[in-house]
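Fold and geometry: a report
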Amino acid sequence: MRRAKPGKLTFQVMSDIQGLAMIGTQRSGTNLLRLMLHQEKEVVALHPPHLLQTFFPLLPHYGDSSQDESWFALCRDVCDWVAANPVPWSGVVLDAEILREKCASRSLVSLMAAIYESAATAKGARWWVNKSMGQVHFLPALEKDLPDLRYLHLYRDGRDVALSFQRAVVGHKHLYFLAQSWAKEQELAMDFIQQIGPERGISMAYETLIAHPEQELRRICRFMGIPFRPEMLEFYHSKESQQTAASGAMWANVRKPILAGNTGKYRVEMFPDEQELFEAVAGSTLAKLGYPLHTTPPGSGQVFSEAEIAMFSVENVEFQALARQRQDPRDAQKRAPQEALLRAIRQRFGI
């Protein structure tokens, strides 16, 4: 137990609680997998508030975390952000006063770990799972503060990922930028999993998960050292699944059984020139992950001019605006508390 300053409460950092971080690109089946794992009593796998992606860009504005006032401001805002998550963390109550003392160090990563440990403690679990795939961009920070963290690279055919993003309210909408970001995130994840080795990292294809769910779940359970339970395959009956589906149209499928045929949609829904554009940008990464190419041999993709990319950028912004306009008002209402909080934080800092 760490020594506390006089008059301060002290807490044992629960070293027996372990963490698993999913990395890769969103829209790759992460909600499906986390809901399966959440059925095991030793695992807490709640919907992620995307703490690192949200707060890392804001950290310079909080100032020196060694100063109590700056550190507490960050802890308070992060706790408020989790409380405002579109999918509520049922049964988890966060106290910034407690958490600021519980962290192993005064860093955003340690704060995130303390929050997830609190969720695990509330459930009586020994594992927490963070399925926020964008944390693939913060691997050095995660390695610095959480050297024992385990990782799961869950990947899906990038063309199907792109179609899913085009229907969602979040993310890029133009295929050029969707292909670019997907390829970058897959390359980061692949390199990192190879670097840390099989004791800390595992990779899984979404297509294999939905085709052979019990086989793949058993593989993950062995990796985590937890029992496989048949209830994992009936995740869609759970309260967490129903709550997630009710929180936004983009998660509606999690109230249904596994959609075993939910692959290769791009072959029907993408025009040939759209497939060609995606493969021109991300073909080599698709090939590395074992996905077939239909238009462009790896490494021989089209090079786009600055004028073309500028046009793609304008179209991307227009498509994003259109997606927000078409958003179900009920979904927008669920996201409103976090959006209001982020606006208030940015206004406080004058940014």
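Residues numbered from 1 in each chain as written. Predicted model: local features only at pLDDT ≥ 70, side-chain atom pairs only at ≥ 80, totals over all residues. Heavy atoms only, no water.

Although it is not a glycine, R27 sits at a positive phi angle of roughly 70°. By the element assignment, R27 lies in the loop between strand 1 (18–24) and helix 1 (30–38). Residue classification places R27 among the buried residues on the basis of a relative accessible area of 17%. At H50, a residue that is not glycine, the phi angle is positive and equals roughly 55°. Summarising the element assignment, H50 is placed in the loop between strand 2 (43–44) and helix 2 (51–55). (Helix = DSSP H or I, 4+ residues; strand = E, 2+ residues; numbered from the N terminus. Buried < 20%, exposed > 50% of the residue type's maximum accessible area, 1.4 Å probe, protein only.)

Moving on, we get to the pattern of salt bridges. Applying the stated criterion to the full structure yields 14 salt bridges. For R229, the salt bridge goes to E40, with nearest N and O atoms at 2.4 Å. One end of the pair, R229, is in the loop between helix 11 (213–224) and helix 12 (239–245); the other, E40, is in the loop between helix 1 and strand 2, with 189 residues separating them in the sequence. Notably, a salt bridge pairs R126 with E42, separated by 2.4 Å at the nearest N-O pair. Taken together, the residues R126 in the loop between helix 6 (108–123) and strand 3 (127–130) and E42 in the loop between helix 1 and strand 2 connect sequence positions 84 residues apart. With a relative accessible area of 30%, R126 lands in the partly exposed category. One network of salt bridges, in which partners are shared, links R76, D77 and R348. (Salt bridge = Lys/Arg side-chain N within 4 Å of Asp/Glu carboxyl O.)

A few words on helix 6. Side chains that are three or four residues apart share a direction in an α-helix, a result of its 3.6 residues per turn. Here helix 6 contains 16 residues, and its C-alpha end-to-end distance of 23 Å stays within 8% of the 22 Å for a straight helix at 1.5 Å per residue. Burial analysis of helix 6 places 13 of its 16 residues in the buried class, the great majority of the element. (Expected span 1.5 Å × (residues − 1).)

Of all 6 residues in strand 4 (residues 150–155), 6 are buried; the element is thus mostly enclosed. The sheet contact formed by strand 1 and strand 4 spans 5 bridges and is parallel. Bridge assignment links I23 to a residue of strand 4, and that residue is H153. Relative to strand 5 (residues 201–205), strand 4 runs parallel, the two sharing 5 bridges. Bridge pairing links L152 to I202 in strand 5. (Pairing = 2+ DSSP bridges.)

The interhelical angle for the contact between helix 8 (residues 158–167) and helix 14 (residues 272–288), taken along N-to-C directions, is 130°, at an axis separation of 10 Å. One element, helix 8, and the other, helix 14, form an angle in the oblique class. For the pair helix 8 and helix 14, contact is made by G158, R159 and A162 and by F278, E279 and L286, respectively. A class-by-class count of the residues in the contact of helix 8 with helix 14 yields 3 nonpolar, 1 polar and 2 charged. (Axes fitted to C-alpha atoms, helices over the stretch in contact; angles between N-to-C directions. Parallel < 35°, antiparallel > 145°, perpendicular 65-115°, else oblique. Contact = heavy atoms within 4.5 Å. Nonpolar A, V, L, I, M, F, W, Y, C, P; charged D, E, K, R; others polar.)

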